[in-house]
Amino acid sequence: MKAIAFSGSAKKGGNTAFMLKTVLEELDREKIQTELIELADEEIKPCTACYKCFKNKDKKCVIKDDNLNQYIEKLIESDIIILGSPVYLVDITPKLIAFMERCGMVSIANKYLLRRKIGAGVVVRYRRAGAIHGLDSINHFFLVEQMIVVGSNYLNIGVGRGSEAVSVSEEEIDEEGVKTMIDLAHNIAWLAKEKYQ
Ligand SMILES: Cc1cc2nc3c(=O)[nH]c(=O)nc-3n(C[C@H](O)[C@H](O)[C@H](O)COP(=O)(O)O)c2cc1C
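Below or above, wherever it landed, is the structure these notes cover. Note that the coordinates shown come from a computational prediction; the quantities given were computed from them, not determined experimentally.

## Structural notes on the overall build of the chain
Point 1. For the chain, the helix and strand inventory stands at six helices and six strands.
Point 2. Put simply, the chain runs from its N terminus to its C terminus through helices and strands in the order β-α-β-α-α-β-α-β-α-β-β-α.
Point 3. In summary, the chain has a C-alpha radius of gyration of 16 Å against a globular reference of 16 Å for 197 residues, a match within 12%.
Point 4. Considering only C-alpha atoms, the chain reaches an extent of 50 × 40 × 25 Å along its principal axes.
Point 5. Looking at the chain as a whole, 52% of its 197 residues are labelled buried.

## Focus on helix H4 (residues 94-109)
Point 1. Taking 1.5 Å per residue as the helical rise, H4 with its 16 residues ought to reach 22 Å, and the 22 Å between its terminal C-alpha atoms agrees with that figure.
Point 2. Taken together, the buried positions of H4 are occupied by Lys-95, Leu-96, Ala-98, Phe-99, Met-100, Arg-102, Cys-103, Gly-104, Val-106, Ser-107 and Ala-109.
Point 3. Buried-residue contacts for H4 involve strand S1 (2-7), helix H2 (52-56), helix H3 (68-77), strand S3 (80-86) and helix H5 (131-144).
Point 4. With its phi angle positive at about 60°, Lys-111 sits one or two positions after the end of H4.

## A word on the pattern of salt bridges
Point 1. Evaluation of the coordinates by the stated rule reveals nine salt bridges.
Point 2. Of the charged contacts, one joins Arg-102 and Asp-66 as a salt bridge, the two residues approaching to 2.7 Å between their closest N and O atoms. With Arg-102 in helix H4 and Asp-66 in the loop between H2 and H3, the pair connects residues that are 36 residues apart, well separated along the chain. The two residues Arg-102 and Asp-66 agree in class, both being buried.
Point 3. The residue Lys-179 makes a salt bridge to Asp-183 at a minimum N-O spacing of 2.8 Å. Here the residue Lys-179 and the residue Asp-183 both occupy positions in helix H6 (residues 175-196), the gap between them amounting to four residues, near one helical turn.
Point 4. Connected through shared salt-bridge partners, Lys-2, Glu-35, Lys-74 and Glu-77 make up one network.

## Some points on the nonpolar core
Point 1. Counting 33 residues, the largest nonpolar core has Phe-6, Leu-75, Ile-81, Leu-83 and Phe-99 as the members making the most contacts within it.
Point 2. Where this core is concerned, the elements lending two or more residues are S1, H3, S3, H4 and H5.
Point 3. For this core, the leading source of residues is H4, giving seven residues.
Point 4. For Phe-99, the residues in contact, after removing those within four places along its chain, are Phe-6, Leu-39, Ile-44, Leu-68, Tyr-71, Leu-75, Leu-83 and Gly-104.
Point 5. Grouped together as the second largest cluster of nonpolar side chains are 23 residues, Val-23, Ala-120, Met-181 and Ala-189 included.

## Re the side chain of Thr-16
Point 1. Take Thr-16: it is sitting in helix H1 (residues 15-29).
Point 2. The class for Thr-16 is buried, based on a relative accessible area of 2%.
Point 3. Other than its neighbours up to four places away in sequence, Thr-16 contacts Ser-7, Ser-9, Gly-84, Ser-85, Pro-86 and Val-124.

## Quick look at the packing of H1 against H6
Point 1. One can describe the packing of H1 onto H6 by two numbers: an axis separation of 8 Å at closest approach and a directional angle of 40°. It follows from the interaxial angle that H1 and H6 lie oblique. The chirality of how H1 crosses H6 is right-handed. From H1, Phe-18, Met-19, Thr-22, Val-23, Glu-26 and Leu-27 reach across to H6, where they touch Gly-177, Val-178, Met-181, Ile-182, Leu-184, Ala-185, His-186, Ile-188 and Ala-189.

Calculation notes
- Residue positions are counted from 1 within each chain, in the order its sequence is given.
- Predicted model: local features are reported for residues with pLDDT of at least 70 only, side-chain atom pairs are reported and counted for 80 or more only, and whole-chain, interface and lining totals are derived from all residues.
- With hydrogens and water stripped out, all remaining heavy atoms of the structure feed into the side-chain values.
- In DSSP terms, a helix is any run of H or I states spanning at least four residues, a strand is any run of E spanning at least two, and both are numbered starting from the N terminus.
- Only C-alpha atoms enter the radius of gyration, while the globule expectation follows 2.2 Å times N to the 0.38, with N the number of residues.
- Under the scheme applied here, a residue whose accessible area is under 20% of the maximum for its type counts as buried, over 50% as exposed, and between as partly exposed, the area being computed with a 1.4 Å probe on protein chains only.
- Each helix should span, by expectation, one fewer than its residue count multiplied by 1.5 Å.
- The contact criterion used throughout is that any non-hydrogen atoms of two residues lie within 4.5 Å.
- By convention in these notes, a salt bridge is any Lys or Arg side-chain nitrogen within 4 Å of a carboxyl oxygen on Asp or Glu.
- Buried Ala, Val, Leu, Ile, Met, Phe, Trp, Tyr and Cys residues that are joined via side-chain atoms within 4.5 Å together make up what is termed a nonpolar core.
- What counts as an axis is a line fitted to C-alpha atoms, over the stretch in contact for a helix, and the angles between N-to-C directions run from 0 to 180 degrees.
- Any angle between 65 and 115 degrees counts as roughly perpendicular, while under 35 counts as roughly parallel, over 145 as roughly antiparallel, and the rest as oblique.
- In this scheme, a crossing is called left-handed if the near helix is turned counterclockwise away from the far one by less than a right angle; it is called right-handed if the turn is clockwise.

Function cannot be read off these values alone, since they describe shape.
So this is what it looks like as structure tokens:
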């Protein structure tokens, strides 16, 4: 069983990565293989609405000069897909939206490649609005892909604190958010074992 997580944050090793790692570490303990990919240092181009994926039906996007096709392969081989983003102007990042647009269209064009895989979103905010809206955006992706969405004891939201408002420090950790991530991992593991074993 494999879980893959993608972070759409522009910042490597920031709050989104911290929360995703918290979920993955717990899944590791449940003997689920895990991988985290942070998209921070790379460009993910948006969908150009060419609809060639519907014509070609080859499980690939025709845009070849970024890593998206490699990531589609990783999504196909995974049982559990976790998508994380910080809140940028009351929504998820444009990078994660571009990722979802192109993976989502290729999936649908090929008879729903992600159908019935397990999905969970993780969103990190600072102090203003947008986390629920951002989580909804990720959940809408899972739902139109016919995936099974997993919840926790509360919505899968973390709060990034710390002096620069972008790092969860050892002293200022969002303990409620961490507990939410751990419970999310337990729910994912429970469902995965019911479904696949
Ligand atoms: C361009 C930009 C826009 C942001 N907009 C919001 C916002 O609307 N609401 C909010 O609560 N935080 C907002 N933030 C703060 C981030 O969501 C927050 O610091 C988050 O924890 C960063 O996660 P990261 O360390 O993974 O990048 C914004 C940050 C940036 C860089």
